[in-house]
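Each chain, written out:
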Amino acid sequence: MARYTGPKTKISRIFGEPILGNGKWLNKNSNPPGQHGAARKRKSLGEYALQLREKQKAKYTYGVLEKQFRRTFEEASRRKGVTGENLIKLLEARLDNTVYRMGIAPSRPAARQLVSHKHIMVNGEVVNVPSFQLKAGDIITFKPGSDGKTGLTSQVRGKNQKFSWIDWNETTMTGTFITYPERESVPENIKEQLIVELYSK
């Protein structure tokens, strides 16, 4: 899942939404993937299927494998508060996701690669673990030398979507993870309560 290299449009058509990026093809062909996708009617899914589908959607969206996703869920259940909301907060606090949210990379896979190739620093230390959990106040920057590479800095989006829980200064190329986000501020269309129900069986 974290290393998915197949067709992104296929995954988007399975879920009916652009969870892996560009969804322009959904407007042209929203049928399920496969040779007989157009003729096959979408069946109404049962309770378990809906719960499993939501978990798969979250895993594809954040690029997390099953074992790592379960560990994240277990950590979310140990924390105070609503387990589903805690799960989304922990996924959003991943280093690769935050790099993507700040606009340093055009996609989560690209952000993951930046981190894995040791181009990103957290509080002055190089971190090459995409799943690294950020804490409030952590400072994110390019590694010295990496910030001068045109190929990397050209990926930084000029007009980033603003998120209240992070800050990115394009002049100094410095970002701050301010705090964990509130669930209503996270734009991902994930029904986390279904995931909680799935793991509670």
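Residues numbered from 1 in each chain as written. Predicted model: local features only at pLDDT ≥ 70, side-chain atom pairs only at ≥ 80, totals over all residues. Heavy atoms only, no water.

Observations concerning the overall build of the chain
Put simply, the rule reads: Counting from the N terminus, the helices are the DSSP runs of H or I reaching at least four residues and the strands are the DSSP runs of E reaching at least two. For each residue, the accessible area found with a 1.4 Å probe, counting protein chains only, is set against the maximum for its type, and the residue is called buried under 20%, exposed over 50%, and partly exposed in between. Contacts were defined at the residue level, with two residues in contact if any of their heavy atoms lie within 4.5 Å.
Within the chain one finds nine helices and five strands. A buried classification covers 42% of the 201 residues belonging to the chain. At a minimum sequence separation of 6, the contacts of the chain that also span at least 24 residues come to 56%.

Quick notes on unusual backbone geometry
One can expect most non-glycine residues to show negative phi and most peptide bonds to be in trans. A positive phi angle, near 65 degrees, is found at Lys 118, a position not held by glycine. Within the secondary structure, Lys 118 is located in the loop between α7 (108-116) and β1 (120-122). Here Met 173, not a glycine, exhibits a phi torsion of approximately 55 degrees, which is positive.

Things to note about the sheet that holds strand β2 (residues 125-126)
What counts here: The pairing criterion is simple: DSSP has to find at least two bridges between the two strands.
Taken together, five strands build an open sheet; the order of strands is β2-β1-β3-β5-β4 and the sheet is antiparallel. Of all strands in the sheet, those bounded by a partner on one side alone are β2 and β4 (166-169). Pairing between β1 and strand β3 (residues 138-142): three bridges, direction antiparallel. Pairing of Met 121 across the sheet is with Thr 141, part of β3.

Concerning the packing of aromatic side chains
Our working definition: Pairing of aromatic rings covers Phe, Tyr and Trp, the last counted by its six-membered ring, and requires centre-to-centre distances within 6.5 Å; plane angles under 30 degrees mean stacked, over 60 mean edge-to-face, and any other angle means tilted. A ring is considered to have a charge above it if a Lys NZ or an Arg CZ atom is located within 6 Å of its centre and within 35 degrees of its normal.
For the structure shown, the criterion picks out four aromatic pairs. When the centroid spacing of 5.9 Å and the interplanar angle of 85 degrees are considered together, the rings of Phe 177 and Tyr 180 count as edge-to-face. Phe 177 sits in the buried class, given a relative accessible area of 0%. Tyr 180 gets classed as partly exposed once you look at its relative accessible area, which sits at 23%. Here a set of aromatic residues connected by ring pairs shows up, and it is made of Phe 69, Phe 73 and Tyr 199. Lying across the ring of Phe 163, Arg 101 places its NZ or CZ 4.9 Å from the centre. Sitting over the ring of Tyr 62, Arg 108 keeps its end group 4.8 Å from the ring centre.

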